[in-house]
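Remarks on the overall topology
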Amino acid sequence: MDRFDRVFLGDVVTASEIIADGYVAVRGETIAAIGQGAAPPAVETIDHRGRLIFPGLVDGHMHTSSAISWAGIEGATRSAAAGGVTTCVDMPYDVPQAVTSAAVLQDKIGWVERLAHVDMALYGTIKKTGGVDAIADLAAAGISAFKLSTYEYDAVRFPRIDHPTMVAAFREIAKTGLPVAVHNEDQELVERLTAEAKAAGNTSAIWHCRTRPPLAETMADLEIFEIGLETGAHVHIAHSSLARGFDIAENFRAIGGQATGEACIQYLCMTEDDIVRLGGRGKCNPPFRTADEVERMWQRLGAGKVAYVSTDHAPWPLERKGSPDIFANGAGLTGLQSYAPLMFTLLEERGLPLTLMATYCAERSAKLHGLYPKKGAIRLGADADLLVMERADYAFDEALIQDRPDLRWSPYHGRRMRGRVAATVLRGRTIWDGGRVLATPGSGRFVRRQTR
Ligand SMILES: [Zn+2]
């Protein structure tokens, strides 16, 4: 038998086990052998012994292009490479145009192929009115999922889809077999509470939380799952900051619905105290909740009720995150480069198995987006996408973020981390060596949904 092209040595972490003193052997761009002990012959042996080799992370939810257009793909994916994220699943709410047709999707794929440092799958969406007709073509063109919203940020880029249109859209989406993720906030509640807060002069950071209370989220969860039940669509809460969101999803599954929800990593560690501390840099939607809620979130994750853990990376330039009026700041956090160190740290701090990172940050997100088994797992025949972590003790430094200077900020700046990304491997090639991004624009590829 021919030698392998490359062998990576280290402790191999899969969703089910840790193979101490293991190896992952690569031929071409795919994994050709996995084992323990003496490594098989290879043209090149890369020694990560003493480190942990995870599957490259699959971040199922991010926004590379909502602030600075498709040019944002370049920096966001460079930061992903430095963070061990080998597949980015990018949201469709882009400027100047959202991904609302197969033609726009083709344009965006062109930008991905020219600019991306890691592989990317893409969401599609629909126009506020008249968009349902584009659904079948978007699915056929290879998007991994649809994204709709119950809340309007922008009538063109990020519209609220009204109930009759949502029913019609879910019916069409059900025929494609793709999931539909929904941004879940009740517009009437949020608008009224925000208007009242502003009128009373309540514009400090905590009012972001007070004007987007848990009820705004759970009401939206109920309506989207009801429409899902009626239409047969797989409806997915794009982000639940509340344990109750996962309970509601489970209730709908119990009566025959296809209902899931994801947790973003910030809802597993940040609290209302953090937005008070961080101001605009702590603003995201839904907002941070209480410390008790964070504990309930971990309980639901431990019970297997969370579909996967994502970042909702949405890198607003610093100039959009510094207003003392919380309502004047952009909503969204950076998170790609901190994702792996933070998840590693949270698991270690809680004494939970590291296999959970392979499960919730790679395998499950890849499965929901129809990318598995090509992506999301260390297994034979899969793309050789790897994240190499080494144990460490350091403060996360936002200055090291591998993105444009005005996007080098992090809500986790200064947080103690217990793991560091020592290397990232994309389809067999090392694209981050712990200090430098070795990938170049165009190293990444568009990844179609593989399964329906
Ligand atoms: Zn988002």
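So, a few notes on the structure that sits alongside this text. (Residues numbered from 1 in each chain as written. Predicted model: local features only at pLDDT ≥ 70, side-chain atom pairs only at ≥ 80, totals over all residues. Heavy atoms only, no water.)

Focus: the sheet that holds strand E9 (residues 179–183)
Reading across from one edge, E5-E6-E7-E8-E9-E10-E11 is the order of the seven strands in this open sheet, with parallel pairing throughout. Two strands lie at the open edges of the sheet, namely strand E5 (57–62) and strand E11 (258–261), each paired on one side alone. Recorded for the sheet is a direction-independent mean angle of 30° between the axes of neighbouring strands. For E9 and strand E10 (residues 234–237), the ladder comprises four bridges, and the chain directions are parallel. Bridging from a neighbouring strand, Val182 pairs with Ile237 of E10. (Pairing = 2+ DSSP bridges. Helix = DSSP H or I, 4+ residues; strand = E, 2+ residues; numbered from the N terminus. Axes fitted to C-alpha atoms, helices over the stretch in contact; angles between N-to-C directions.)

Description of the coordination of the zinc ion
At this site the zinc ion is bound by His61 (NE2), His63 (NE2) and Asp312 (OD), with donor distances of 2.0 to 2.1 Å. Sequence spacing among the residues donating to the zinc ion works out to H-x1-H-x248-D. With a gap of 251 residues between them, His61 in strand E5 and Asp312 in the loop between strand E13 (309–310) and helix H11 (336–349) connect regions that are remote in the sequence. Comparing His61 with Asp312, the two get one shared label, buried. (Donors = N, O, S within 2.8 Å, 3.2 Å for Na, K, Ca; no water. Buried < 20%, exposed > 50% of the residue type's maximum accessible area, 1.4 Å probe, protein only.)

Some details on the packing of aromatic side chains
All chains considered together, the criterion is met by six aromatic pairs. On the numbers, 6.4 Å between centres and 80° between planes, the contact of Phe54 with Phe344 is edge-to-face. Pair noted here: Phe54 is in strand E4 (residues 42–55) and Phe344 is in helix H11, with a separation of 290 residues, a long-range link. The buried category is assigned to Phe54, whose relative accessible area is 0%. Taking relative accessible area as the criterion, Phe344 reaches 0% and is therefore assigned buried. For the pair Phe225 and Phe252, a centre-to-centre distance of 5.4 Å together with 40° between the ring planes defines the contact as tilted. Placement of the pair is Phe225 in helix H7 (residues 214–231) and Phe252 in helix H8 (residues 243–254), with a sequence separation of 27 residues. Within the aromatic cluster, the residues linked to one another by ring pairs are Tyr93, Tyr151, Tyr153 and Phe158. (Phe/Tyr/Trp six-rings, centres within 6.5 Å; stacked < 30°, edge-to-face > 60°.)

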